[in-house]
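One letter stands for each residue in the lines below.
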Amino acid sequence: MEPTKPSKVHLSDARGLELAAQVIARGGTVAVPTETVYGLAARADDDAAVAGIYRAKGRPDFNPLIVHVPDVTAAEALAQFDSRARALAQAFWPGALTMVLPLREGAGLAAAVSAGLPTVALRCPAHPVMQALLKSCGLPLAAPSANRSGGVSPTSAAHVAASLDDRVDLILDGGEARQGIESTIVGLRADGSWAVLRPGPITEAEVARVLGGKSAAMTSARIEAPGQLASHYAPGKPVRLNATGAYEGEFLIGFGDVAGDVTLSATGDLAEAAARLYACLHDGSAAPQPLIAVAPIPEQGIGVAINDRLRRAAA
């Protein structure tokens, strides 16, 4: 006999979406699948609702949130778009790209969304469940990853339930996240330059093909976008990187020819590794071994984003 699902977990069918929209409307929080990871959504125009996200995650108040919108029209009501932003939106939206843009005066977003910055991080997601919720609510939704701050990001409803439990009002179960790693974040500078603030499924080379040039260096140590904290995505145990085998007491996450207790991809497929990254870190967190080791990942393509998350997990 299968165990009964927790009462807060609902299928992402018409009834589940109706319940989720009701929770959002009254200022609550809903965990919802996207094509990258599960997000913890709340209406982005309400201070108390956004505070509910920070409270659930235990998230530092200097770390901004990504605001999700259904389309470019909704995005342009919140931020100032130039030709570069429109070109990126045409190339990658809906999809796993977040743009950091100047906040439009009178946008009506809660101040906590931007954490005091003059910019806002915007994304138009491709996942049908998140799109359906956005259209049902008719509101922009702030939605960071649906886990405790600094912990491993969730790629399933079960991960959300294990991490947040009674801290979230409702969880929409839309199956496993397809890409399994957070969106690429690109900041567009007033001087015409641009910078990849967080690597993700869309590579710097793909962005460069649209914008020209190359990513500028970070301008300061100040937090500009979500996911920039030095220690992030942590599984709660020490993590050793570039491991070709396991030492005593280590749970080994393999890749390619390095076999492990679990593997990111036995065939060395970086896309598969990205999709399985957080699930494998969750496995390591739950394992009896007190330590985690991870096989070397090539620093190319989406491997750049994988290694970024792993370095932060190890920090």
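Residues numbered from 1 in each chain as written. Predicted model: local features only at pLDDT ≥ 70, side-chain atom pairs only at ≥ 80, totals over all residues. Heavy atoms only, no water.

*Asks:* What exactly am I supposed to notice about empty space enclosed by the protein here?
*Replies:* To find leftover empty space, a probe the size of one water molecule is rolled over the atoms. Within this structure, the stated rule accounts for three cavities of 30 Å³ or more. Of the voids in this model, the largest cavity is the one considered here, and its volume is about 200 Å³. What lines the largest cavity is a set of 21 residues, and nearest its centre among them are I66, P144, S145, E182 and R198. For the lining of the largest cavity, the secondary-structure elements that each account for two or more residues are β3 (38–43) and β4 (66–68). Residue composition of the lining of the largest cavity, by class: seven nonpolar, 10 polar and four charged. Of the voids in this model, the second largest cavity is the one considered here, and its volume is about 40 Å³. Taken together, P64, L65, V100, V113, S114, L117, T119, V120, A121, E224, A225 and P226 form the lining of the second largest cavity. Secondary-structure elements contributing two or more residues to the lining of the second largest cavity are α5 (111–114) and β6 (119–123). The leading source of residues in the lining of the second largest cavity is β6, at three residues. (1 Å grid on protein atoms, 1.4 Å probe; cavity = no way out; pocket = protein on both sides within 12 Å on 5 of 7 lines; lining within 4 Å. Points joined across faces, edges and corners; volume = space filled by probe spheres on them. Helix = DSSP H or I, 4+ residues; strand = E, 2+ residues; numbered from the N terminus. Nonpolar A, V, L, I, M, F, W, Y, C, P; charged D, E, K, R; others polar.)

*Asks:* Is there a simple way to explain the sheet that holds strand β13 (residues 262–263) in this structure?
*Replies:* Think of a sheet as strands paired side by side through backbone hydrogen bonds, with each pair either parallel or antiparallel. Here we have four strands laid out as an open sheet, ordered β11-β14-β12-β13, and parallel in their pairing. Two strands lie at the open edges of the sheet, namely β11 (239–240) and β13, each paired on one side alone. Strand direction decides the pairing type here: strand β12 (residues 250–254) and strand β14 (residues 291–294), joined by four bridges, are parallel. Among the inter-strand pairings, E250 is bridged to a residue of β14, identified as L291. (Pairing = 2+ DSSP bridges.)

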